Amino acid sequence: MNYWLVKSEPDAYSWKKFLEEKQTVWSGIRNFQARNNLRTMKTGDNVLFYHSNVGKEIVGVAKVIQEAYQDPTTKETAWLTVDLQPIRTLKKAITLDEIKSDSKLNEMVLLKNSRLSVQPVTKEEFERVIELSKK
């Protein structure tokens, strides 16, 4: 199993909206590195959902329910999407400041390549985020 983090501006697509819809097509990605990460995702992989720009916090956990396929929002075959389903809202959202200040999270891609909208997370980072969210 792999672990991921996806970013969305809450004004564009929020965790609340995701919960209401019960699943989503993670479309509109137009960055080659993010696209390559989508290509690597497998059914059942865990995904952290991060509110970017407003909030700047991890708010929930989702899972991949459909592996990469042609993004239906474009005719360009270079772009892919996956389908995601929400699993649970974190009891306590984990802010960017908390991530920056936690020595177990200071190597996260989120801190090194903050603009990347789909990024890998290590199992240890994922477990640490879950641990922090329970406090």
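Right above here is the structure, for reference.
One structure accompanies this document, and this report is about it.

What counts, and where the lines are drawn
- Residues numbered from 1 in each chain as written.
- Predicted model: local features only at pLDDT ≥ 70, side-chain atom pairs only at ≥ 80, totals over all residues.
- Heavy atoms only, no water.
- Buried < 20%, exposed > 50% of the residue type's maximum accessible area, 1.4 Å probe, protein only.
- Helix = DSSP H or I, 4+ residues; strand = E, 2+ residues; numbered from the N terminus.
- Contact = heavy atoms within 4.5 Å.
- Core = buried A, V, L, I, M, F, W, Y, C linked by side-chain atoms within 4.5 Å.
- Phe/Tyr/Trp six-rings, centres within 6.5 Å; stacked < 30°, edge-to-face > 60°.
- Polar contact = N/O pair within 3.5 Å; in protein donor to acceptor, adjacent residues only side chain to side chain.
- Arc of directions from axis to C-beta.

### Looking at helix 5 (residues 123-133)
One turn of an α-helix holds 3.6 residues; hence residues three or four places apart share an orientation.
Then, in step 1: Along helix 5, the positions that sit buried rather than exposed are Glu-125, Phe-126, Arg-128, Val-129, Ile-130, Leu-132 and Ser-133.
Then, in step 2: Of the surrounding elements, those touching the buried residues of helix 5 are strand 1 (3-8), strand 3 (46-51), strand 4 (57-70), strand 5 (80-95) and strand 6 (118-121).

### Here we look at the nonpolar core
Buried together is how nonpolar side chains tend to be arranged in soluble globular proteins.
Then, in step 1: Counting residues in each nonpolar core, the largest one holds 19 residues, and the members touching the most others are Val-6, Trp-26, Met-41, Val-47, Phe-49, Leu-84 and Val-118.
Then, in step 2: Contributing elements (two or more residues each) for this core: strand 1, helix 1 (15-21), helix 2 (32-40), strand 3, strand 4 and strand 5.
Then, in step 3: Broken down by element, this core gets its largest block of residues, three residues, from strand 4.
Then, in step 4: Not counting chain neighbours up to four residues away, the residues in contact with Phe-49 comprise Val-6, Ser-8, Tyr-13, Ser-14, Trp-15, Phe-18, Trp-26, Glu-57, Ile-58, Val-59 and Gly-60.
Then, in step 5: With 18 residues, the next largest nonpolar core counts Leu-5, Ile-94, Leu-96 and Leu-132 among its residues.

### Observations regarding unusual backbone geometry
Then, in step 1: A positive phi angle, near 60°, is found at Asn-53, a position not held by glycine.
Then, in step 2: Note on placement: Asn-53 falls in the loop between strand 3 and strand 4.
Then, in step 3: Take Asn-53: its relative accessible area is 52%, and that puts it in the exposed class.
Then, in step 4: Although it is not a glycine, Lys-56 sits at a positive phi angle of roughly 45°.
Then, in step 5: Mapping Lys-56 onto the fold places it in the loop between strand 3 and strand 4.

### Let's talk about the packing of aromatic side chains
In this description, an aromatic ring pair is defined by two values, namely the gap between the centres and the angle between the planes.
Then, in step 1: Counted according to the given criterion, the structure contains eight aromatic pairs.
Then, in step 2: Measuring from centroid to centroid gives 4.8 Å for Tyr-3 and Phe-126, while their planes differ by 40°, and the two rings are tilted. Of this pair, Tyr-3 sits in strand 1 while Phe-126 sits in helix 5, and the two are 123 residues apart along the sequence.
Then, in step 3: In this structure Tyr-3 comes out as buried when scored by relative accessible area, which is 11%.
Then, in step 4: Ring geometry for Tyr-13 and Trp-26: centres 6.2 Å apart, planes at 80°, overall edge-to-face. Linking Tyr-13 in the loop between strand 1 and helix 1 with Trp-26 in the loop between strand 2 (24-25) and helix 2, this pair joins segments that are 13 residues apart in sequence. The burial state of Tyr-13 is the same as that of Trp-26; both residues are buried.
Then, in step 5: Ring-pair connections join several aromatic residues into one group, and the members of that group are Tyr-13, Trp-15, Phe-18, Trp-26 and Phe-49.

### A short note on the environment of Thr-24
Then, in step 1: The residue Thr-24 is located in strand 2 in this model.
Then, in step 2: On the basis of relative accessible area, Thr-24 is assigned to the buried category, the value being 11%.
Then, in step 3: Along the primary structure Thr-24 and Ser-103 are separated by 79 residues, whereas in three dimensions their C-alpha atoms are 33 Å apart.
Then, in step 4: Discounting chain neighbours no more than four positions away, the residues touching Thr-24 are Tyr-13, Phe-18, Val-82, Asp-83 and Leu-84.
Then, in step 5: Looking at Thr-24, its side chain comes within polar contact range of the side chain of Tyr-13, at 3.4 Å.

### A few points about helix 2
Then, in step 1: Residues Ala-34, Arg-35, Asn-37 and Leu-38 constitute the buried set of helix 2. Down the axis of helix 2, the buried side of the element spans an arc of 160°, and every buried residue falls inside it.
Then, in step 2: The inward-facing, buried residues of helix 2 abut strand 1, strand 4, strand 5 and strand 6.
Then, in step 3: The residue sitting at the N-terminus of helix 2 and contributing the capping side-chain oxygen is Asn-31; that oxygen lies 2.9 Å from the backbone nitrogen of Gln-33.

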